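Working through the structure, step by step
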Amino acid sequence: MRTRRTVRRASLLSLWFCIVTLPWQPCKGSNASSGQRLGFDGCTWVTDSGGTIDLSSLGLTNGKPRFLDVPGPDNFYYSYNPCYPFDEGNACVDAAVCQTDMSLYYQAGDASSPSLTEESGRPAILYQASREILRKTWVALICDTTASQPSLKALGDLGYGEYHLELTSVCACPDGCSGTVIDITIVIDVSIGTILDLVLVSLLMAYLMTGWCTTGSDTRPQVWPYCPTLTSGELYLAW
């Protein structure tokens, strides 16, 4: 879940900051094999080492795939969107993975049916298609701490309606990405009137705190009982 908080206007006289704490609770249940066990909800889970893998920042939420028509070696193209469903063509509806030859479209995995598994010792997400029987897709996750921009490689159809993709991202690393983003923007609107108000307040505070003293007569505000006093050209404090 992303949280974006924007402060559009702030007064120079007072700025209020709010710190929002979002409690995190692991989800119950797991479909993971050994090494990736806790709290899998299709986007996030906790590894045995205690690190959190969070893919939620990679997926688009506008019904479009993050990775669109990535070519595979089997002359098909594959679209994939982590975490959130998308539609493409006339056959891929609420899909996680869609396969096409740019003429026909085939749903290769539902967004509603992810399960966590392993492939070649790496964590992988398995999606099964309910609209196309026997079609399923494995998305292997490759951790790369330098891959701030994710990339998808399509390995294509490896037989029996089973498709394989490789997602490389820093988000595939434990604690590599956070799904919670707090964006605080402070815009200070300063007018001439505000500046004059600040100057007047500053002068008034200086007057009340230090008093106003002259060499000829002792002049000071009634609320301030003490004032620096000049005697014989020397300044001393009279208390």
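Attention here is on the structure that accompanies the text. (Residues numbered from 1 in each chain as written. Predicted model: local features only at pLDDT ≥ 70, side-chain atom pairs only at ≥ 80, totals over all residues. Heavy atoms only, no water.)

**Quick notes on the overall build of the chain**
To keep it simple, the criterion reads: Think of it this way: any DSSP run of H or I at least four residues long counts as a helix, any run of E at least two long counts as a strand, and we number them from the N terminus. We call a residue buried when its accessible area falls under 20% of the maximum for its residue type, exposed when it is over 50%, and partly exposed in between, using a 1.4 Å probe and counting protein chains only. Should any heavy atoms of two residues lie within 4.5 Å, those residues are considered in contact.
The secondary structure content of the chain amounts to 1 helix and 17 strands. Going through the 239 residues of the chain one by one, you find that 36% of them count as buried. Of the contacts made within the chain by residues no fewer than 6 positions apart, 44% connect residues no fewer than 24 positions apart.

**A word on the nonpolar core**
The line we're drawing: For our purposes a nonpolar core is just a set of buried Ala, Val, Leu, Ile, Met, Phe, Trp, Tyr and Cys residues, chained together by side-chain atoms within 4.5 Å.
In this structure, Trp45, Leu55, Tyr80, Ile125, Leu141, Leu165 and Leu167 are the most contacted members of the largest nonpolar core, which totals 29 residues. It is strand E14 (residues 162-169) that contributes the most residues to this core, 3 residues altogether. Residues Phe86, Ala95, Cys98 and Tyr105 belong to the second largest nonpolar core, which totals 6 residues.

**Here we look at the sheet that holds strand E11 (residues 122-128)**
We count it as follows: Strands are labelled as partners when DSSP assigns at least two bridges between them. Axis definition: a line fitted to C-alpha atoms, limited for helices to the stretch in contact. Angles are taken between N-to-C directions and run from 0 to 180 degrees.
Sheet architecture is open: 5 strands sit in the order E10-E11-E12-E14-E13, paired in mixed fashion. The two strands at the open ends of the sheet, each matched to only one other strand, are strand E10 (114-119) and strand E13 (151-157). On average, each strand axis in the sheet is inclined to that of its neighbour by 25°, with strand direction left out of account. Bridge count for E11 against strand E12 (residues 136-143) is 5 bridges, and the pairing is antiparallel. Bridge pairing links Ala124 to Ala140 in E12.

**A few points about the pattern of salt bridges**
For clarity, the cut-off: Definition used for salt bridges: Asp or Glu carboxyl oxygen within 4 Å of a side-chain nitrogen of Lys or Arg.
Going through the model one piece at a time under the given rule, you end up with 1 salt bridge. Across the salt bridge formed by Arg122 and Glu166, the nearest N and O atoms sit 3.3 Å from each other. Taken together, the residues Arg122 in strand E11 and Glu166 in strand E14 connect sequence positions 44 residues apart. Arg122 sits in the partly exposed class, given a relative accessible area of 27%. The class for Glu166 is buried, based on a relative accessible area of 16%.

**Some words on the state of the cysteines**
Let me state the cut-off plainly: We call a pair of cysteine sulfur atoms a disulfide when they lie within 2.5 Å.
Scanning all chains against the criterion turns up 4 disulfides. Cys92 shares a disulfide with Cys98; S-S distance 2.0 Å. Looking down the S-S bond of the Cys92 and Cys98 bridge, the torsion is 75°, so its handedness is right-handed. Just as Cys92 is buried, Cys98 falls in that class too. Two residues, Cys143 and Cys173, share a disulfide whose sulfurs are 1.9 Å apart. The disulfide joining Cys143 to Cys173 has a torsion of about 105° about its S-S bond and is therefore right-handed.

Worth remembering: the numbers are spatial, not functional.
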